[in-house]
Amino acid sequence: MGFTDKRTWMQHWPVVLLGMLVAFIFLVALVTFEVKETEHAVVMTFGEPKAVSVDGATKAKLYEPGLHWKWPYPIDTVWRHDNRLQCYELKKGQVEQIQTADDYQIVVTTYVLWRIDGDAPELFLKRLNTTADAEEVLDKLTRHHRNIALGRHNLTELINVDADKVHIDGIADEILTSLQADAKSNYGIEVTHLGFKHLGFPEKVSGKVIARMKAERNRKSAEYRAEGKRDAEKIRAKADLEVREVLAKAEGEAKRIRAEGDKSAAEHYAVFRKNPELAAFLRKLDALRLTLSAKTTLVIDTNTPPYDLLRPGATKLGKLTLTPPAARPKAGGAK
Amino acid sequence: MSTDQHSHATELHEGDQGMQSLVRTLRVLFVLLRVLIVFIFVYLVFSGVFYVREHEEAMLFRFGALRAKGGEEVLSRGKLYWAFPYPIDQVERLPAQRSVTITSSQYWPLINANRLESTDQGVVPVGESAVLRPGEGGYLLTGDANIMHMIWAVRYRVDNARKYYLRLFHEPDDSYAEQREKHTHGRTRGAEAIIENILSEAVLAEVATWPVEDVLVLSRAEGTNRERKSLANGVENRVRNLVDAEGIDLGIRVDEVNLVEVQPPLATQNAFREVVDAAHDYRAAIATAEAYERRVVPEAEGKASTIRADASAYRTRVVESVKAEKAYFETVYAEYEKNPDTMLVALYTDAVRDVLSRVETKYVIHTRGEGRQEVRLRLGPERPKPGAPTHSQ
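As the structure is a computational prediction, the values presented were derived from the model and not from experiment. (Residues numbered from 1 in each chain as written. Chains lettered and ligands numbered in written order. Predicted model: local features only at pLDDT ≥ 70, side-chain atom pairs only at ≥ 80, totals over all residues. Heavy atoms only, no water.)

Engineer: Describe in detail the overall build of chain A, supporting the description with residues and values.
Structural biologist: Along chain A, the regular secondary structure elements total seven helices and 13 strands. Here chain A, with 335 residues, has 41% of them falling under the buried criterion. In chain A, 69% of the contacts between residues at least 6 apart in sequence involve partners at least 24 apart. (Helix = DSSP H or I, 4+ residues; strand = E, 2+ residues; numbered from the N terminus. Buried < 20%, exposed > 50% of the residue type's maximum accessible area, 1.4 Å probe, protein only. Contact = heavy atoms within 4.5 Å.)

Engineer: Outline the packing of aromatic side chains, supporting the account with residue identities and numerical values.
Structural biologist: Residues and elements named next belong to chain A. If you walk through the whole model with that rule in mind, you get nine aromatic pairs over all chains. Aromatic side chains Trp114 and Phe124 sit 6.3 Å apart centroid to centroid with 20° between the ring planes, which places their arrangement in the stacked category. Of the two residues, Trp114 is situated in strand E10 (residues 105-116) and Phe124 in helix H3 (residues 121-127); the sequence distance between them amounts to 10 residues. Note on accessibility: Trp114 and Phe124 belong to one class, buried. Ring centres of Tyr269 and Phe272 lie 5.6 Å apart, and the angle between their planes is 45°; this geometry places the pair in the tilted category. Since its relative accessible area comes to 34%, Tyr269 is described here as partly exposed. Given a relative accessible area of 11%, Phe272 falls into the buried group. (Phe/Tyr/Trp six-rings, centres within 6.5 Å; stacked < 30°, edge-to-face > 60°.)

Engineer: Which residues make up the pattern of salt bridges, and what are the values?
Structural biologist: The tally for this structure, following the rule as stated, stands at 35 salt bridges over all chains. As a salt-bridge pair, Asp255 of chain B and Arg155 of chain B come within 3.7 Å of each other at their nearest N and O atoms. With Asp255 of chain B in strand E10 (residues 252-263) and Arg155 of chain B in strand E9 (residues 147-158), this pair connects stretches of sequence that are 100 residues apart. One salt-bridge network, held together by shared partners, links Arg212, Glu216, Arg217 and Lys220 of chain A together with Glu213 of chain B. (Salt bridge = Lys/Arg side-chain N within 4 Å of Asp/Glu carboxyl O.)

In structure tokens:
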């Protein structure tokens, strides 16, 4: 009939090609496997890892990333595990108290970075197989090594105002070192980092810590207020002292200046020694001029010149007084 | 037979017809299939073309193995590449230049933040009396064993895509339900979990060396203490060191570490506020005292200058007046030497005249020998009339 002849066969080559391609892909998929850059793969023949001999020791054969051959399913199976670093933190709700060397109860959470040991994946495969198993083991191991290490250290090495006394990193390294050896040799887990992510006190202690914090704060407030009073008083006292000093200095200086003035005045007084009576007389006249003003009420008797003219016999010149008697000025209320 | 033949022929005829229509249908189908195959082929060819977009880096994997193109494992931007379709080739795109911020609130109480503020109406807020249960609602311990709640954030960029992708586990894209799970329980295994944990580690180690005053900037002595900024700097340095540390080496670059929020435990908040108030009081007391000092001292200085000036004025006055007197005396003395009597009388009368002419009210009393007189004066508010002397015996 029509499509059995050669011409028709030729006509349908793409379909045939497609069919062959599909069959080929199936076949290839059956006998190959892919190893990703991010994973380790071990081929197991009837459940037994394919081994190679390296330096006399048998090890599981490691496959480079890429496409590799294997026998189809029931014979060969491929076990894979991610080879990248992953994070594991101890499960929540499983925090436990640890006693430090100085008898403090603390609660600590740590996390680890780990990956499958690339040199011996068969150990991991044999002992653990899955990530969940690995995490369970890590949980156990970390707790163990952590509790031992923390029991050797004081709380003051974990928290301290003096930064030089805090050895958190050192303690973490200490835990890491023992954990690394244990995890690698027993489980084929390579732990690359361990860090603390929470550090606290047990419930009961935290209540006490809070009470202490309150007390500390209250003490601090009282201290600030008292110090405020003290320091303010200091400043005031200092200011007052300064005021007194400044004034006293000024007074002293003033006294000195006045004395200086008096002294140089006294030098000039020397001239009066030529005739002290005359000097006294002139000064008296001055005083008279200065003390009597328009508002003064003056009561004088007729002995005082020039009012001695009012006395009888004033015309006799010889009887007139020349030396003035003491004039008595009186401050008058006249306005 | 003939009927048989006839019927057979009819069947044949009918069969032919059916076959022919089948063949026709199949032919159409084959043509369609061929078109489809060509389309798929063309699609496969063109779908393999790709380029690296801005803000991302890409790597090409063939059968899972990293394949370098043109000598570079991490493909560069601005070039066209071609890859075989899946499952042969696979292109991993990574957000490389984009900044990622991870906020860690694991040191923050789990209680609803709105209920954290203690109210003044005497109502004890939730958590006021509650103790902090380990594991739920985190906190940090300061160097002086105080409990502090904090929220920290780190901003970083992927610096080395190859390292970041190939060294660190990445959690596969999750379904909605898993994302919700993740939201409640936090990232656990992947790269972001690692970064968050590194941040936590750095924060814990740094805060463990700080006294609570400096963390909360409660100290009143400004400038002498380490400031909050340098707390963040300390954490940032630690994060940077950890990120590049052997055993971690993430291939990311930390841009910034921020202390988003810090708060003492609820039960102690009033006490902490009180300290802040007290610090304010302290500063206020000092400020008042300083104001007093600033007022009083200059005042005293002013007064001192007045005193000095007065003294100087006195000196000048005394000296000058004595000088004047001296000059006057010398003149008078010269005259006096020449004619002692007249000189004195002249001076005296001059002075008395001067004075008496100035004085408005004068009483002249007549003296009888050396007898006593009684003088009564009216010294009232009223101005006494001049020239009306009260005069009696």
